[in-house]
Amino acid sequence: WNGIVSDLYNATIDTRELVQKRAKISDNQLKNILPIHPYTALLLKHISSAFGSNQRSMFEFIGKNSEDDSKGFQWFIENYGPYDADPFLTVDMLWNYFYEKGRDSLSSEIRSILDCYSPTTAEELRNDQKRVFKTILLLQAISQKVGDTVELFIPNEKNIENAFEGSEIVNARSIAEGLVRENIIYTKHLGNNKYQYSVLTSATDTKVI
């Protein structure tokens, strides 16, 4: 087990360092949450707070019985293992629990962003595109919720790549750029030569390039 933990730990070196600086948590704490990806762990706290009291909490996500269809942490560890191509619970895997099963409890601002993932759009996408698209939407929703004040939540090239560090998706940036070319998402100018991936909703800035 120690060898497995070390392999998983070493697969997310860059992301781990970023999360440690932001959340001020130790290496041992990050080891103890494996196989939850460091980026997912950072986002999990904030997406949980987007729900009303006792709705879709972080603790329910981790401890929920795997017999239901909400695909929480218990479901993940029963369906994925450390030797799979995807050994980590990545950000996109929060989608089912917090959006598909918890949509009615989300604020309208967050829901308007996540609703951009429509069944019609999904039918046209490959699986890797779906995963990157879901990650972009989740990051955009939470970033907007905190007023775009947390650099690690802004869905830019670096953060999208880091969100999938150690997974089977090794070209998240290229996949995101492909979604831009297909006009599914856009590139929004943030100033100071900074950009982010974005969808257009009535609640978001429509200044795109």
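See the structure above.
Described in the following lines is the structure provided in the data block.

Conventions we followed
Residues numbered from 1 in each chain as written. Predicted model: local features only at pLDDT ≥ 70, side-chain atom pairs only at ≥ 80, totals over all residues. Heavy atoms only, no water. Salt bridge = Lys/Arg side-chain N within 4 Å of Asp/Glu carboxyl O. Helix = DSSP H or I, 4+ residues; strand = E, 2+ residues; numbered from the N terminus. Buried < 20%, exposed > 50% of the residue type's maximum accessible area, 1.4 Å probe, protein only. Phe/Tyr/Trp six-rings, centres within 6.5 Å; stacked < 30°, edge-to-face > 60°. Lys NZ or Arg CZ within 6 Å of the ring centre and 35° of its normal.

**Observations regarding the pattern of salt bridges**
Reasoning step 1: Overall, the coordinates contain 8 salt bridges when judged by the stated rule.
Reasoning step 2: Two residues, D27 and R16, come together in a salt bridge whose shortest N-O distance is 3.6 Å. Residue D27 is found in helix α3 (residues 27-32), and its partner R16 is found in helix α2 (residues 13-23); the two are separated by 11 residues along the sequence.
Reasoning step 3: Taking relative accessible area as the criterion, D27 reaches 33% and is therefore assigned partly exposed.
Reasoning step 4: With its nearest N and O atoms 3.0 Å apart, the salt bridge here joins D128 to R126.
Reasoning step 5: One salt-bridge network, held together by shared partners, links D86, D92, R131 and E168.

**A look at the packing of aromatic side chains**
Reasoning step 1: Overall, the coordinates contain 8 aromatic pairs when judged by the stated rule.
Reasoning step 2: The side chain of R16 reaches across the aromatic face of Y9, ending 3.5 Å from its centre.
Reasoning step 3: Its guanidinium or amino end placed over the ring of Y9, K31 lies 4.7 Å from that ring's centre, counting from NZ or CZ.

**Thoughts on unusual backbone geometry**
Reasoning step 1: Each neighbour pair has its own omega, and for L34 with P35 the value is 10 degrees, a cis peptide bond.
Reasoning step 2: Mapped onto the elements, P35 comes out in the loop between α3 and α4 (38-48).
Reasoning step 3: Phi is positive for K24, close to 55 degrees, though the residue is something other than glycine.
Reasoning step 4: With respect to the helices and strands, K24 occurs in the loop between α2 and α3.

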